[in-house]
Every structure is written in C-alpha cells, then in structure tokens.
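An overview of the molecular structure
Letter by letter, the chains look like this.
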Amino acid sequence: MARGEIELSKLTKEFADVTAVDAIDLQVPAGEFFSLLGPSGCGKTTTLRMIAGFEQPTSGQILLDGTDVAYTPPHQRNVNTVFQNYALFPHLNVYDNIAFGLKRAKRPKAEIRERVGKALELVQLSGYDRRKSSQLSGGQQQRVALARALVLNPAVLLLDEPLGALDAKLRKTLQIELKALQQEVGITFLYVTHDQEEALTMSDRLAVMNGGHIEQVGAPQDVYEDPETLFVADFLGVSNLMAARIVSTATSACKVAVDGYELETRGTELDVTGEAKIVIRPERLELEAHGSPPGQNRVPGMIERVVYVGSTIQVIVRAATGESLQALVQNTGAGIPWEQGTPVQLHLPADALRVLPSGIGDAPSLKGEEQVEEGAAAS
Amino acid sequence: MTTVAESRPSEGFSTWSRLRGWLRNPWGKPRFLVLITWAYILWSIVPVLIAVQFSFNATRSRTVWDSFSWRWYWGDPVDSVWHDPTLRHALVQSFKLAGADVLIAVPIGVLLALGLARWRGRGSGVSNFIMLFPLVTPEIVMGVSLLLVFSELFTFIHTGTVAQILGHVTFSISFVVVIVRGRLFSIGRQYEEAAADLGASPFVALTRVLLPLLTPAIVASAAVVFAISADDFVISQWLSEGGPTDTVPIRIYSATRAAPLPSVNAIATIMMVSTLLIVTIGFLTWRAFTRGERRAGKAAEDIGGAFNLT
Amino acid sequence: MYPRWLWRSLALPGIAWLIILFVVPFYAVLGVALGTVDPILFQPVPIWNPLEWNVGWIQEALTRLAPGGIWFDVGVRTIVYVLLSLALCLLIGYPVAYYTARHAGRWKGLILILIILPLWISYMMRMLAWVNLLQADGYVNRFLVFTHVLNQPRDWLGGSASTVILALVYGYIPYLILPLFASLDRIDRSHLEAARDLGASPWSAFRTVTLPLSKTGILGGAVLITLPMFGDYYTPNIVSGSPKTSLVGNQIDLYFHGGPQPTLGAALTIILAVFLTFLMLYYLWSIHRAQRDVGAVGAL
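Residues numbered from 1 in each chain as written. Chains lettered and ligands numbered in written order. Predicted model: local features only at pLDDT ≥ 70, side-chain atom pairs only at ≥ 80, totals over all residues.

**Digging into the overall build of chain C**
To be explicit about the condition: Starting at the N terminus, helices and strands are each numbered in turn, a helix being any DSSP run of H or I of at least four residues and a strand any DSSP run of E of at least two. Remark: C-beta atoms are placed from the backbone, and a residue is labelled buried if 20 or more other C-beta atoms sit within 10 Å of its own, exposed if 12 or fewer do, or partly exposed between those counts. Any two residues are considered in contact once their C-beta atoms, placed from the backbone, lie within 7 Å.
Scanning chain C from terminus to terminus reveals 13 helices and two strands. Within chain C, the fraction of its 300 residues that count as buried is 47%. Within chain C, contacts between residues at least 6 apart in sequence are counted, and of these 64% link residues at least 24 apart.

See the structure below:
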C-alpha cells in the first residue's frame, strides 16, 4: 500500500476578496521530495495549510493515500508540519517538545524515551534534550522542529519555508541535510519555498505556482530546461526572452523569425502561432569570435558589459535583433577573452531554444536588463 | 568671527571652551532636561517618603519629627493600626476586596480576552466596545450609576462588601482583557497550530499550550487588578455602608481633614508596601517567563501598548 | 481548528457581567435623572419607559449650570482647573518624558522605574503626603519661613485654588508621562539624524520631527488624565475643605451624600457624561485603532 501519496483534486480556497488557490490538481507519489515553488502570494502556503488542516478548502478534495481528509481536523491527520518559525513550545524543553505528539497519542513512557532519543540522533542533536528552545541557535531549532514532526512517523511531512530565517551558508548546509534526511526516512516531503535555487537543488519534482494556479509540474531539469510558460521560464533562473514570430511549428522542430533572422528551435507540443516568445538559458548561449563563419542560428552582436562573478563570467551582449542577452561563461582561468564594445557572433543552438506562448505586455529589452541584475545578484 | 578666533589663539581645552562645547553638543544631554527630570522625580517621591517616615514618629505629630518608634503600627494600645478597630477593619476590608477582585475578575477577563481576540462575526465589535468603555468612564459616573442601580433596580443588593466587590470587578475586567490580549497577540496562533498538528485536540491545545504561554500575562494582570483595587476610592466609597466596609483609602480620606494621627500614615504605608510587593512579584514573574522569548524592554512595550499608551 | 461557537461562549460571562453591571447601571442613571421625585419623601422615582421620560430635572440642572445659575461658577471653575492642570502637567511632563526617552542613556531603566512608581502608590497616600507637608507647621511652611520667602506660615489648605491645581497636577501627572514616554521612545533615532543631516538645528529638528511624531502620545495622555479630572471631587475635598474650590464632582457628591436630591445629582451626572462623551469616544477610537494596528483586535 502506498504510504504518503497526496492527491489534490480541484482544490480551491477563496477568501473574502481573493481566490488564493484556484482549483488545482496535483499528484505527489509516496516517498517523493516535492516542492511548491512560487512568489509570495501565489497560494503555495495556503495549499500547504489546507493539506495540514489549518485552513478549510472552499471546495475540492485532499486525498491522502486515497482518503479525503479535506474536512478532517488537523490533529487527526497523519500529516505533520515544520513551521516557518519552528513554533517550538517555549515553555517546554527539547525533550518535551519532541515528545509532545507521542504523549498526545498516549504512548508508554519507555517507548517515548526511545523514540525521542532516536529522533534526536536522526537530527544530530543527541544530548540537547534538556535545553530550552531559547538556548538553541536557529539551525538547531529547525532540527528540533524536524525531529518533533518526524518522531510521529507521519505519512507526509510538510515544510513551510523552513530555511527562510537562516543565513545563506547555513541554508545551503541544511538543504543538503534535509535532502539526505528525506532519503533516509523515505517519507513524502512537501516543501514550500520561494527560492528557486532551493527547489531545484532539493526536489525530486516540483510545481511552479502563480496566482493560485499551477503553471508547470516536473523534475527540476525538465522545468528548468523546458519551461512551458513565460512565467516559469522567467521565475527559474535567467531567461533571455526574445519576441519572435512563428513561421512553422512541429513536434520535432520549429522555425521562428526574429527581426529578419530565421532561427530553428526545439519542437513543441504547444499550439502556438503568430507572435510568441523564445527563450534560451545563459549557459547555453555560445559566443563565437567576430568573423567566424556564419551558419544556422547565428546572430551578430556587440558586447555591452562583462561581469566577473568568480566562478563564472557574465557577458551581456546586444544582439543584432535588438535584445540584450546574457551569456554565462565558465571561468577557465584563461582570462576574459571578451571586451566591452567589441563585436561578437552569437550562436543560439537550436536544441537550446524553446518556444513559448507570448505573455501580455512585456518589453524584451527591459527583461534583459532585469535579468542581468538578477543574474549578478544571484551568483 | 575672526576677531574671536584671533583673540583666543592658544586657549587649548580650557574650561570655557569645554563648557561651550558641552552646551552646544547636538547629541549631548541638555542640562536643563536633566535637572527638570531629577527635580520632578524628587518632587514626586520625596513627599511620600516623608509621609512614610512620619508613620514611624514617636509623637502624635505628622509634621514635627521626634524619634523612631513602632508606636503607630502596634505600640500604642489605643490608636495604633493593630489596636484601633476602625483602622484594622479598613486594612482587612481593603485586602478582602482586592483579593476577591483578583479571584473573580482575572478568570472572567482571561476568558473574555480569548473570546474577543478570536471572535469573528456579528457582535464582536459591539462586545469589544462594551469592554473598552469602563476604561474611559470617569469613576464618579460609574459610582453614581452603581449606587443608583443597587438602590433602584437591583434592590436585593445593598451597599456594603458585596456591592463593593461587584463594582471593583466591573472596572477591573477591562484591564485584564487588555493585558492578556496584548500577550495573545505576541504569541500568535503558531503554537496551537503546532500542537494540533502533533495530535492535540482543540481543548488540549488551549489548556496545555496556550494557557501556560499566557501565564505571565495572567500573573501580571492579577497584580495590576490588586493594585487598582487597593487604590480604589470612589467606587468603594459610594458603595460602602460605612464603618467596617470602609477601605484604607476611605479611612485616609476621612481622617485627613480631621486631626489625624500618624496611624493614618502607618496604614497608608502598609497598603503601599503590600501593593508594591505584589506588583514587583507580578513584574518579575512576567520577566522570568518571557526571558528567553524577547528583550526585556519589549515586556514594558507589551504592557504599555496594551493600554494604548502611545 | 476550533469550533465556531467557542470564542463567543468564552466571551459570554464577561460580556454578560459588563452588561448587567455596567450598561444597565447607566440606564438606571437615565431612569432616575429623567424620572420624578416623590414630593413627600423626597425620594427619586425612576421612570423606566423612555416614552415617559421627564426632562424637567435635566432642564433644571442645565439652568443651574448656565450663566446666572448657581452652578455656573462651579462649571467654569472645573474647566479652568482642569485646563490649567493639564497645561502644567504637559509643561512639566513633556521634558521629563523626553529626557527619559531620548537622552537618559544608562539611567533610563532606573528613571523609568522611578517614574512608574507613583502609579502604584495609592492616590490617597500621595495626597496625604502633601496635606502633611502643607500643614501650618509642616515642612513647606517651615522651609519658606526659614528662607524668608514668607514672613509667617501660610494657610495652604483652607480653600486655595493654587493648592487644588497643584494637587491635581501632582496626582495625575504620572498618568500623562507614561504614554508620552512610550510615544517618544518609539520615535526612531534615524528620523532625527536625517533631519539633522538635511540641515535642521537641534531645536528645529525637535519642532519639525519629534513634536509632530509625539502628537498621538500627547493627545492620548491628555485625554487619559482630563477624563478623570473632570469627575474629581476628592482632591479638592482633601486639600481644601472650602466651597470656594468646589468642582462639578463635588456638586454631584453633595446631592447624593449631602442632601436629599439624588435626582438632581443624577441629572448633573448625565450632563457631565454627555460633555465628556466626545473625549471618551475619541479615546476609545484611538485605543481601538492602536490595538487594530498592532493586530490584537480581529487577528488570530
């Protein structure tokens, strides 16, 4: 029997003036590390809270291993939560915090002691059982919160941006630990975050949410490499969007026209015609020397800026088609071969270009600049 | 300007330039403010200290000091607090009312705070309004209204201890609500949600998680209620039937115009020390409970904010 | 998580109590003030039906308060004393609050305790302290004679307006300083630094930044002390036995305890309450708004 399989069916939550979650459908198989990713206000936290039981859905189903728990009180669901601010009970010490759920379940004292001990070991906090939560660091509190939830052997563990309050270095360490923990314990983790790097790093699969809807679901690689909507392309990493006109589409390859240049792109199953957008990731954009032999998918350009980021080098190029595109070049230690103001040839490999339906009202060149700043800030 | 500079070419760091610098320093402490503050504090506290001092006076004078004596506390066989029945009864009555007030007003107030803080729906606004009203009503208006309601409407209640207790509780409830509600807000709902998440029924979440976390506020509000009740004059007087139902403030009031003895000072001192003790215990309890949770200054902010003292 | 009916059930005992012992008594005052008086026993006869209310006594009370009436002086005196006391409280209290909030440095904690202390000392005790000091042979007279400010001891307690006003100030000023302090304490230092950075002198930074930002504190504190002051009767009674300093509160007190006319007293109470309603509603609204801003109302 599958344990920890979640299925959301037309799940909706409406508040007085806004629809936070709009009839979403989602399936999370048991044992998966699944992330809900999106900007604030997209509905991911509300969805999580409905699964936990703190919000009642307006309509829809929440199926946990086949049973609809949408209207079951939270204390009767086999689901546990790690809260954003940990919510460790201040009046109890670490041991009593972790033992809390076991005491509610009226387990015998000996069993409680054993299980709490194991849980502390799991999160590497053995020996901390007498401490009060105020005496712990942020990272330690987070681990206690984890232990407290995991000790109850839930079918699903819900995590509401648990690393948000920690500094960057600690976050990275704990991301790795959390992922390892999930694989060790083997239960379903449902992880909510607005940090796309976090989601990409940790998840088996993820869902990108926006405005109460799910835009795309898939493995990190698929969602990153093959965004299906403009929003997804833009939210995950730097996108290098360009406006284009469809010439032909097919599942094997497409042809688009960008300001006089005809480019080949990857095939698409989307039904797109007329105006569209094409997207290419910075690390796939190739720079060739000016004067290289022209060929398919080659566009001349002028180097606007070179930004040294340490492990990589960002090269912002103004393409002949008009947009500012960002290329990411590995720092091989051989110096920076690109100079500001010099001409260059851009190669957009066909299998790196993706066609997307056009969004409403965005200016590609502005996008390019924003992406440059975002890229500089993120690296 | 230049002449001044020229005429003091090499004064160095003289007293004059230091003084000028001190007066002119934009971030320094203006001397005038320091003086006024400490003068105020002295003016505020010293008279009370003198009154306390005279409670230990060996003679009958409240104005001319003789020597130290416990006479007015228990020494004098007729007029000391211990021996004078009117003074003793006043002390007892004050403690009786304050104790009853705490025991009744705090539980009602805590429940009311919980209810008002989380009640959505019709009636919550009006109820909140009703709760706030006693805080802004002048005591004489409340005294008149209570006296009239007991003499014209609820005539089965006569003036006396019961009426006084009822009056005290009525104005105390709002203080409890405001203090507890402030603490409720700081706590938020995260702990109860965590408790429910871990399997606690709503009842358990309320009693085993929320109430313990409310303890500092409950203790603080108990201390505040005690202090307010002990200090109350108007309601106690209006609902008193004289004699043994007079409280310490009433005794002080009636004695002051006559030719009172230092025993009045003594009874006032006893009351004051008791109240200060209880308030200090309340405050320290609050501090002890919330030590890990926040900086010390925020506790004062919580209580102050609770009364909208901004 | 919780059943819907839970919260209003918890609130029920408290609201019921307040309705029975707070709202209903107000109605009792209305019933008496708008009732009649038994002509033989001189007892008030309350009228509970609003349709039968008799405004005669209210009119009588208003007449007495109007210019030419016997209470006119009392009314004017009350307003004058309260305003003067308020002004003095602000004059003394603001610098103290300001110093404590902004310049006290390491003394802040101690000074704060000393300022809060009088709040916990019985009002009666503080008045008693002054009565002792102002006796004919008390320290005040002795000091003033000793320093030759006075030639002979002065009677401070025999009906002096200044004594009453000073007593009111002494009694109520701690209740003004605390909200003022809280309000000034909250002002971010960076606002002032920005003002200075942009060229304001210390005085003008105070005038254009600190003062406006402390306005809510001033208003809140002012309302907090004037409301009870308007109803105060015990302070004049303690420090001055004389009808020369009689305030509205004294009149009400008189009609209930001194004479056989509770109805007139009730009428006067109604008038006082209506007069103060504007002050009360403002204060209520500002508490509600502050609690709502802070999230304590309508949250959770």
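Let's pick the thread back up.
**Quick notes on the overall build of chain A**
What chain A contains, in helices and strands, is nine helices and 20 strands. For the C-alpha atoms alone, the extent of chain A along its principal axes is close to 80 × 45 × 40 Å. Partitioning the intrachain contacts of chain A with sequence separation of at least 6 by distance along the chain shows that 68% fall at a separation of at least 24.

**Quick look at the interface of chain B and chain C**
Quick note on the threshold: Just so you know the grouping, Ala, Val, Leu, Ile, Met, Phe, Trp, Tyr, Cys and Pro go in nonpolar, Asp, Glu, Lys and Arg go in charged, and all remaining residues, Gly too, go in polar.
Taken residue by residue, the interface counts 82 residues in chain B and 92 residues in chain C. At 13 residues, the largest contribution of residues to the side of chain B that touches chain C is made by helix H3 (residues 31–55) of chain B. Across the side of chain B that touches chain C, the residue classes break down as 54 nonpolar, 18 polar and ten charged.

**So, the packing of helix H12 (residues 248–257) of chain B against helix H5 (residues 123–133) of chain C**
Where we set the bar: To obtain each axis, a line is fitted to C-alpha atoms, and for helices this fit is confined to the stretch in contact; angles are then taken between N-to-C directions over 0 to 180 degrees. With respect to orientation, any angle under 35 degrees is reported as roughly parallel, any angle over 145 as roughly antiparallel, any angle of 65 to 115 as roughly perpendicular, and every other angle as oblique. Helix crossings get a hand from a simple test, with the near helix turned counterclockwise from the far one by less than a right angle marking a left-handed crossing and a clockwise turn marking a right-handed one.
It is the contact of H12(B) with H5(C), at a shortest axis distance of 9 Å, that shows an interaxial angle of 20 degrees. Of the possible angle classes, the one that applies to H12(B) and H5(C) is roughly parallel. Our pair here, H12(B) against H5(C), has a crossing hand that is left-handed. Here B:Pro249, B:Ile252, B:Tyr253 and B:Thr256 of H12(B) come into contact with H5(C), specifically with C:Met124, C:Met125, C:Leu128 and C:Val131.

**A word on the sheet that holds strand E20 (residues 354–357) of chain A**
All names here are of chain A. The following threshold applies: Between any two strands, pairing holds if DSSP finds at least two bridges.
As summarised here, the arrangement of the five strands in space is E13-E12-E11-E14-E20, forming an open sheet in which the pairing is antiparallel. The sheet terminates laterally at strand E13 (261–266) and E20, the two strands that pair on one side only. In this sheet, neighbouring strand axes are inclined to one another by 50 degrees on average, regardless of whether the strands run parallel or antiparallel. Sheet topology note: the strand E14 (residues 275–279)/E20 ladder contains four bridges and is antiparallel. Counted as the bridge partner of Ala 276 is Pro 357 from E20.

**Notes on the interface of chain A and chain B**
Across the contact, 20 residues belong to chain A and 16 residues belong to chain B. When contributions to the side of chain A that touches chain B are tallied by element, the ones reaching two or more residues are strand E6 (79–82) and helix H2 (94–104) of chain A. If one sorts the elements of the side of chain A that touches chain B by residue count, H2(A) sits on top with three residues. In terms of residue class, the side of chain A that touches chain B is built from ten nonpolar, seven polar and three charged.

**So, the packing of helix H6 (residues 124–136) of chain B against helix H1 (residues 5–33) of chain C**
Packing of H6(B) against H1(C) leaves a shortest axis separation of 10 Å and a crossing angle of 55 degrees. Taken together, the axes of H6(B) and H1(C) lie oblique to each other. Handedness of the H6(B)/H1(C) crossing: left-handed. Mapping the contact onto sequence places B:Ser127, B:Ile130, B:Met131, B:Phe133 and B:Pro134 in H6(B) and C:Ala11, C:Ile15, C:Leu18, C:Ile19, C:Phe22 and C:Val23 in H1(C). Within the contact of H6(B) with H1(C), the residues separate by chemical class into ten nonpolar, one polar and no charged.

**Some remarks on unusual backbone geometry**
Residue and element names in this part refer to chain A. Located in the positive-phi region is Asp 259, a residue other than glycine, with phi close to 50 degrees. When you line up the elements, Asp 259 lands in the loop between strand E12 (253–258) and E13. Residue classification places Asp 259 among the partly exposed residues on the basis of 14 C-beta atoms within 10 Å. Phi at Asn 297 takes a positive value of approximately 60 degrees, unusual for a residue other than glycine.

**Concerning the pairing of E13(A)**
Where E12(A) meets E13(A), six bridges bridge the pair, whose relative direction is antiparallel. Bridge pairing in E13(A) links A:Val256 to A:Leu263.

**What to know about the domain arrangement of chain A**
All names here are of chain A. What counts is decided by this rule: Residue ranges assigned to the domains are those given by an automatic or database domain assignment.
Here the domain parsing of chain A yields domain 1 (6–223) and domain 2 (226–378). Between the C-alpha centres of domain 1 and domain 2 there is a distance of 37 Å. Between domain 1 and domain 2, the contact holds seven residues from the first and nine residues from the second. Those elements giving two or more residues to the side of domain 1 that touches domain 2 turn out to be strand E9 (205–210), strand E10 (213–218) and helix H7 (220–225). Taken together, the residues of the side of domain 1 that touches domain 2 break down into two nonpolar, three polar and two charged.

**Focus on the sheet that holds strand E8 (residues 188–193) of chain A**
All names here are of chain A. Strands sit in the order E6-E7-E8-E3-E9-E10 across an open sheet of six strands; the sheet is mixed. If you trace the sheet from one side to the other, it starts and ends with E6 and E10, each paired once. For this sheet the average axis-to-axis angle between neighbouring strands, irrespective of direction, equals 20 degrees. Alignment of strand E7 (residues 156–160) against E8, held across five bridges, turns out to be parallel. Looking at E8, one finds that Leu 158 is bridged to Leu 190.

**Quick look at the confidence of the model for chain A**
Keep this limit in mind: On a range of 0 to 100, pLDDT expresses the predictor's confidence in each residue.
The share of residues in chain A with pLDDT of 70 or more is 94%, and the mean pLDDT across the chain is 87. Under a pLDDT of 50 for its full length, residues 361–379 of chain A has, in the predicted model, 30 contacts with residues more than four places off or in other chains.

**Considering the nonpolar core**
Let me state the cut-off plainly: Nonpolar cores are identified as sets of buried Ala, Val, Leu, Ile, Met, Phe, Trp, Tyr and Cys residues joined via C-beta atoms within 7 Å.
With 169 residues, the main nonpolar core has B:Val176 and B:Ala268 as its most contacted residues. A domain-level breakdown of this core finds at least three residues from each of domain 1 (12–74) and domain 2 (81–306) of chain B.

**Quick notes on the environment of B:Leu49**
Tracing the chain through its elements places B:Leu49 in helix H3. Through-space distance from the C-alpha of B:Leu49 to that of B:Thr269 is 9.5 Å; in sequence the pair is 220 residues apart.

**Re helix H7 (residues 139–153) of chain B**
Residues separated by three or four positions in an α-helix point in the same direction, a consequence of the helix having 3.6 residues per turn. Applicable threshold: Expected span, for any helix, means 1.5 Å times one less than how many residues it has.
Taking 1.5 Å as the rise per residue, H7(B) with 15 residues should run 21 Å; its terminal C-alpha atoms sit 20 Å apart, in good agreement. The element H7(B) is largely enclosed, with a buried count of 13 among its 15 residues.

**Points about the environment of B:His158**
With respect to the helices and strands, B:His158 occurs in the loop between H7 and helix H8 (161–187). Look past the residues within four positions of B:His158 in its chain and what remains in contact with it is B:Phe150, B:Ala163 and B:Glu241.

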